[in-house]
Amino acid sequence: IMIDSSNWNVIAAGLKCLQGKGVVNSINLKEGEESFTRKAREIKKYGAAVIVMAIDEKGPADSLERRLDILERSYRILTEEVEFPARDIIFDPNVFAIGTGMEEHRNYAVDFFDAVRRLKQKYPGSLVIGGVSNISFAFRGNEPIRQAIHSVFLHHAIDAGMDMGIVNAGQIPLYDDIPKDLLERVEDLVLNRRADAVKRVLEV
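Quantities reported herein were computed from a predicted structural model and do not represent experimental measurements.

So, how was this worked out
Numbers given for residues are sequential positions, taken from 1 along each chain in its written order. Selection of residues for local features in this predicted model requires a pLDDT of at least 70, selection of side-chain atom pairs for listing and counting requires 80 or more, and totals for whole chains, interfaces and linings are taken over all residues. Water and hydrogen atoms play no part in the side-chain values, which are based on all heavy atoms of the structure. Put simply, DSSP marks the helices as runs of H or I at least four residues long and the strands as runs of E at least two long, and each gets a number from the N terminus on. Each helix should span, by expectation, one fewer than its residue count multiplied by 1.5 Å. Whether two residues are in contact is decided by their heavy atoms: any pair within 4.5 Å suffices. Throughout, exposure labels follow a simple rule: accessible area from a 1.4 Å probe, protein chains only, divided by the maximum for the residue type, with under 20% read as buried, over 50% as exposed, and the rest as partly exposed. At least two bridges found by DSSP between two strands are what make those strands a pair. Note on aromatic contacts: the rings of Phe and Tyr and the six-membered ring of Trp form a pair at centre separations within 6.5 Å, being stacked when their planes are under 30 degrees apart, edge-to-face when over 60 apart, and tilted otherwise. Note on criteria: charge over ring means Lys NZ or Arg CZ within 6 Å of the ring centre, with the direction from the centre no more than 35 degrees off the ring normal. Residues grouped as a nonpolar core are buried Ala, Val, Leu, Ile, Met, Phe, Trp, Tyr and Cys residues, joined through side-chain atoms within 4.5 Å.

This next bit is on helix H5 (residues 143-160). In a regular helix each residue adds 1.5 Å, so 18 residues correspond to 26 Å; H5 covers 25 Å between its end C-alpha atoms and thus fits that length. Lining the buried residues of H5 we find helix H4 (108-122), helix H6 (180-190) and helix H7 (197-203). The first or second residue beyond H5 is Gly 161, which carries a positive phi of 120°.

Here is the structure:
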């Protein structure tokens, strides 16, 4: 069972009531190392696993370098100071929306895939999760396009080594079932292969 709340008191109450091994979603470094360490110790006391977001005192990491720096710092605190089991650490390197028309957002999916590969190489005992539906927020209201983007993103994220994804499994087409013309355009968008990728998806 995953306990999911932005209110720490809710998470703490949930941990006390949970049978078996739970997962806490989530902790991060936004409030500094002292708060992060205190929460991690309590999670460890109850034997739960934890999702660690790539967020620090400066906010969410949106570049490959910041993602890796924040999660490396989090891992060091968890394993060295808290003695948290590496197998119970689940990294979330942040999935951000692509297709917004803003240049700085074009490589968000590729940066996520690269972050997953690097994390899996450096910390082979730990896991990686991603909020898949975040990737398509720019296309809200167009469900066929959103679902195709989710399928393509998930395909490449799994290939990169992502262990878990948050997605509506009942509303995601099989990668091989996406019409070829749409698949090519969505692949161009997700993998940042063409400058006009957004325009070509919008044409569909």
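The structure having been displayed, the exposition proceeds.
The subject of this paragraph is the pairing of strand E6 (residues 89-92). Residues of E6 alternate between two faces, with Ile 89 and Phe 91 on one and Ile 90 and Asp 92 on the opposite face, all of them buried. Pairing of strand E3 (residues 49-53) with E6 involves 4 bridges; the strand directions are parallel. In the strand pairing of E6, Ile 51 is matched with Ile 90. Bridge analysis of E6 against strand E7 (residues 127-131) gives 2 bridges, and the strand direction is parallel. Note on E7: the bridge partner recorded for Ile 90 is Leu 127.

Once that is clear, we can look at the packing of aromatic side chains. Under the definition given, this model contains 7 aromatic pairs. On the basis of an interplanar angle of 45° and a centroid distance of 5.2 Å, the ring pair of Phe 96 and Tyr 108 is categorised as tilted. Of the two residues, Phe 96 sits in the loop between E6 and H4 while Tyr 108 sits in helix H4, which places them 12 residues apart along the sequence. Owing to a relative accessible area of 10%, Tyr 108 belongs among the buried residues under this scheme. Here the aromatic rings of Phe 112 and Phe 113 are separated by 6.4 Å at their centres, their planes lie at 75°, and the arrangement is edge-to-face. Accessibility assignment for this pair places Phe 112 and Phe 113 in one class, buried. Every member of this aromatic cluster is reached through a ring pair, and the members are Tyr 75, Phe 91 and Tyr 123. Positioned above the aromatic ring of Phe 137 is the side chain of Arg 140, whose terminal nitrogen or guanidinium carbon lies 5.3 Å from the ring centre.

Moving on, we come to the environment of Met 53. Inspection of the secondary structure assignment puts Met 53 in strand E3. Among the residues examined, Met 53 registers a relative accessible area of 17% and is labelled buried. In the structure, Met 53 is positioned 11 residues away from Leu 64 in sequence and 14 Å away in space, judged by C-alpha atoms. With near-sequence residues (within four places) excluded, Met 53 lies in contact with Ser 26, Ile 27, Asn 28, Ile 70, Leu 71, Asp 92 and Asn 94.

This brings us to unusual backbone geometry. Cis rather than trans, the peptide bond between Asn 25 and Ser 26 has omega equal to 15°. Of note, Glu 83 is a non-glycine position whose phi angle comes to about 60°, a positive value. In this structure, Asn 192 is a non-glycine residue whose phi angle is positive, near 55°. In this structure, Asn 192 sits in the loop between H6 and H7.

With 58 residues, the main nonpolar core has Ile 27, Ile 43 and Phe 153 as its most contacted residues. Take this core: its biggest share by element is 8 residues, from H5. Of all hydrophobic cores here, the second largest spans 7 residues; its members include Ala 49, Met 53, Ile 55 and Ile 129.

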